[in-house]
Amino acid sequence: MKTESPSPPFKDYNKIINPKIAVIIPCYNEEAAIGRVIADFRSELPYAEIYVFDNNSTDRTAEIAHQSGAIVSFEKRQGKGNVVKSMFRKVDADIYIMVDGDTTYPANRVHDMLNPVLKGEADMVVGSRLLSKSSYMKLLNRIGNWLFLTSLNTVFGTGLTDILSGYRVMTREFVRGVPVFSEGFQIETELTIQALHHRMRVVEVPVTLSKRPDGGESKIRILSDGLKISWMILDLFRTYKPLTFFGGIGLMLIAIGIFLGIGIVREFLQTGLVPRFPTAILATALVLSGLLAISVGLILNTLSRSFREIYYHIMLVDRRLNDKHSSE
């Protein structure tokens, strides 16, 4: 019988009275929109703290954010991933709402996104742009999203609809327990894959993506960022699904080796001679390499399971310590 490593312990947010909610906004040159984003979320969540993390903006983004009542911090390392890592490290809350500072995501959908977390049904809620037929997305962006989404759903066996959304609600356990290493726009993909790997509960809520306001421009570079996202999916696939990754390579090598060697074996059985030594050597090497790749996959898969169990116990201890601290 196949055994699965345990899922991390979950906190019931129904038991938390007035959970501390933080709206965290990564920004780079968003002076045309940041004031409205802060005002919209302040209107929807007057009890939440709003944090703006400025990433070397050359305009008045930080100034406008401060005037609008947000808590402004600065991250000098360029890249959205670096900003998100800084936000996760510096902001303390029970629930985190991450949203872009360009007014493309609707603040009035935040309550629908909070509900699954508050009910204890999700660790991360993703605002899916592709579940809404009214979302404004360029054709090239839709094609790129479809390619990345298809790759991830195939590799990790999921049915998600949007892995690149910048509108997310996350629990404290998710933010504290999931390691992120991306520096750029791969961060959303990494958050999704990490959630799947650690068996976190992911829920998608439809949101309508709006057009950027006049004066705002997209920071995504389609070719370079697309290649980085592709590499991120491949890299995390190799890391978190080693048996599938290396086993697949091993089986392919073995199949090619058998295809090349079957004729040589047939001739040897008929004549007692090996007429094509280079091909025979290549076929043998491919089969041996394939067996080695499968062995590596088995070893790494065992290690991955062990690390996941260690992660579970660490999260369990962390939750107990947090619950003890809260009760005091």
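See above for the structure.
Below is a short write-up of the structure. (Residues numbered from 1 in each chain as written. Predicted model: local features only at pLDDT ≥ 70, side-chain atom pairs only at ≥ 80, totals over all residues. Heavy atoms only, no water.)

Moving on: helix α7 (residues 187–197). Of all eleven residues in α7, ten are buried; the element is thus mostly enclosed. Within the span of α7, buried status applies to Ile187, Glu188, Thr189, Glu190, Leu191, Thr192, Ile193, Gln194, Ala195 and His197. Directly after α7, the chain includes Arg199, whose backbone phi takes a positive value near 55 degrees. (Buried < 20%, exposed > 50% of the residue type's maximum accessible area, 1.4 Å probe, protein only. Helix = DSSP H or I, 4+ residues; strand = E, 2+ residues; numbered from the N terminus.)

Spatial ordering of the open sheet is given by β3-β2-β1-β4-β6-β5-β7, a layout of seven strands whose pairing is mixed. The sheet is open, and its two edges are formed by β3 (71–74) and β7 (202–206), each paired on a single side. On average, each strand axis in the sheet is tilted by 20 degrees relative to the strand beside it, whichever way the strands run. In this sheet, strand β6 (residues 168–171) lies alongside strand β5 (residues 124–128) in antiparallel orientation, the contact comprising three bridges. (Pairing = 2+ DSSP bridges. Axes fitted to C-alpha atoms, helices over the stretch in contact; angles between N-to-C directions.)

Moving on: helix α1 (residues 34–44). The set of residues buried in α1 consists of Ile34, Val37, Ile38 and Phe41. Across the axial projection of α1, the buried residues extend over an arc of 95 degrees, all falling on one side. Those residues of α1 that are exposed and aimed more than 90 degrees away from the buried face are Arg36 and Ser43. Among the structural elements, β1 (21–27), β2 (49–54), α2 (61–67), β4 (95–98) and α4 (110–118) are those in contact with the buried residues of α1. (Arc of directions from axis to C-beta. Contact = heavy atoms within 4.5 Å.)

As a packed pair, helix α3 (residues 80–90) and α7 sit with axes 9 Å apart at the nearest point and diverge in direction by 55 degrees. Taken together, the axes of α3 and α7 lie oblique to each other. Where α3 approaches α7, its residues Lys80, Gly81, Val84 and Phe88 are matched on the opposing element by Ile187, Glu188 and Leu191. Within the contact of α3 with α7, the residues separate by chemical class into four nonpolar, one polar and two charged. (Parallel < 35°, antiparallel > 145°, perpendicular 65-115°, else oblique. Nonpolar A, V, L, I, M, F, W, Y, C, P; charged D, E, K, R; others polar.)

When you line up the elements, Ala93 lands in the loop between α3 and β4. What makes Ala93 buried here is its relative accessible area of 1%. C-alpha separation for the pair Ala93 and Glu49, spaced 44 residues apart in sequence, amounts to 9.2 Å. Not counting the four nearest positions on each side in its chain, Ala93 is found in contact with Lys20, Ala22 and Arg172.

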